[in-house]
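In case you want the letters, here they are:
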Amino acid sequence: MKPVVAIVGRPNVGKSTLFNKLIGERAAIVKDVPGVTRDRLYRDIEWSGHEFLLVDTGGLEPNTKDYIMSKVRYQAEVAIEEADVVVFIVDGQAGVTALDEEVAYVLRKKNKHVILAVNKIDNLEKHSELVYEFYGLGFENFIAISGEHKQNLGDLLDLVIEKF
Ligand code: GDP
Ligand code: MG
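A brief report on the enclosed structure follows. (Residues numbered from 1 in each chain as written. Chains lettered and ligands numbered in written order. Predicted model: local features only at pLDDT ≥ 70, side-chain atom pairs only at ≥ 80, totals over all residues.)

1. Remarks on the sheet that holds strand E6 (residues 142-144)
We apply this condition: We treat two strands as partners when DSSP finds at least two bridges between them. Per the convention used, a helix needs a DSSP run of H or I reaching at least four residues, while a strand needs a run of E reaching at least two, with both numbered from the N terminus. The axes used here are C-alpha line fits, helices contributing only the stretch in contact, and every angle between their N-to-C directions lies in the interval 0 to 180 degrees. Here the contact rule is simple: place C-beta atoms from the backbone, and any two residues whose C-beta atoms are within 7 Å are in contact.
Reading across from one edge, E2-E3-E1-E4-E5-E6 is the order of the 6 strands in this open sheet, with mixed pairing throughout. Since the sheet does not close on itself, it has two edges, and those belong to strand E2 (41-47) and E6, each with one partner. Strand-to-strand, the axes of this sheet are offset by a mean angle of 25°, without reference to chain direction. Where strand E5 (residues 113-119) meets E6, 3 bridges bridge the pair, whose relative direction is parallel. Looking across to E6, one finds that leucine 116 is bridged to phenylalanine 142. On the sheet, helix H1 (residues 15-23) packs against strand E1 (4-8), E2, strand E3 (50-56), strand E4 (85-91) and E5 and is oriented at approximately 150° with respect to E3. Running over the sheet, helix H5 (residues 153-162) touches E1, E2, E3, E4, E5 and E6 and is turned about 170° from E5.

2. Focus: the pairing of E1
Going by this rule: Burial is judged by counting other C-beta atoms within 10 Å of a residue's own C-beta: 20 or more means buried, 12 or fewer means exposed, and anything between counts as partly exposed, with every C-beta placed from the backbone.
For E1, a buried count of 4 out of 5 residues is recorded, marking the element as mostly surrounded by other parts of the structure. As judged from the 4 bridges shared by E1 and E3, these two strands associate in the parallel manner. Within E3, the position partnered with alanine 6 by the bridge is valine 55.

3. Let's talk about unusual backbone geometry
Although it is not a glycine, serine 48 adopts a positive phi angle of roughly 50°. Looking at where serine 48 falls in the secondary structure, it is placed in the loop between E2 and E3. On the basis of neighbour count, serine 48 is assigned to the exposed category, with 8 C-beta atoms found within 10 Å. The phi torsion at lysine 150 lies on the positive side, around 55°, for a residue other than glycine.

4. Here's the deal with the site of ligand 1
To keep things clear, this is the line we draw: Defining nearness, a residue is near a molecule or strand when the C-beta atom obtained from its backbone falls within 6 Å of it. Residues are grouped as follows: Ala, Val, Leu, Ile, Met, Phe, Trp, Tyr, Cys and Pro are nonpolar; Asp, Glu, Lys and Arg are charged; all remaining types, including Gly, are polar.
Lining the immediate environment of ligand 1, one finds 20 residues, of which Gly14, Lys15, Ser16, Thr17 and Glu148 sit closest. Element by element, the count of residues in the shell around ligand 1 is highest for H1, at 3 residues. Class assignment of the residues belonging to the shell around ligand 1 gives a composition of 4 nonpolar, 10 polar and 6 charged.

5. Section: the nonpolar core
This is how it is decided: By our criterion, buried Ala, Val, Leu, Ile, Met, Phe, Trp, Tyr and Cys residues that link up through C-beta atoms within 7 Å make up a nonpolar core.
The biggest cluster of nonpolar side chains holds 42 residues, and the ones touching the most others in it are Val8, Val86, Val87 and Phe88. Put simply, the parts of the chain that give this core at least two residues each are E1, H1, E3, helix H2 (65-82), E4, helix H3 (98-109), E5 and H5. The dominant element in this core, judged by the number of residues it contributes, is E4, at 6 residues.

Read these as spatial facts, not as claims about activity.
The structure is reproduced here in structure tokens:
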């Protein structure tokens, strides 16, 4: 069985954008509107001789705040169960939100490898003040990336395969 790597996070942080960049095609729909990735999407990928299954998560239909909260938690839980490594995406431009804390809470309860990727850091030289507040989420594997601009994605994949 190939290792499973799940991309997890609240709506609109850039999970599907990252997934598409990593697999090299537009399999997942990217939208400004939260909740367009209806199911989990799977693709085989290979990095530095390591093959694994990458999973984009979603399934979030915007409704009430509580509804989104429970869906985020559910999706995160399902993805975490089947994953060997979790890439937890947050939005570095938006800062820490209650939904990020919800996902972090679910992740901390499980004994899985988690890599926190602070996304939308489009200018890596100027990123520092944006990423610091995410240290508070309590994950020791930490990287600043830009999915859209393909910044640091190789370093992210290096961190992922270290955990296999
Ligand atoms: P998802 O809901 O987590 O799957 O997020 P999407 O991949 O659909 O992206 C949500 C929005 O964030 C879209 O408008 C993307 O273009 C934008 N986005 C994704 N990655 C980046 C990034 O690295 N930088 C910037 N500035 N925007 C991004
Ligand atoms: Mg998506």
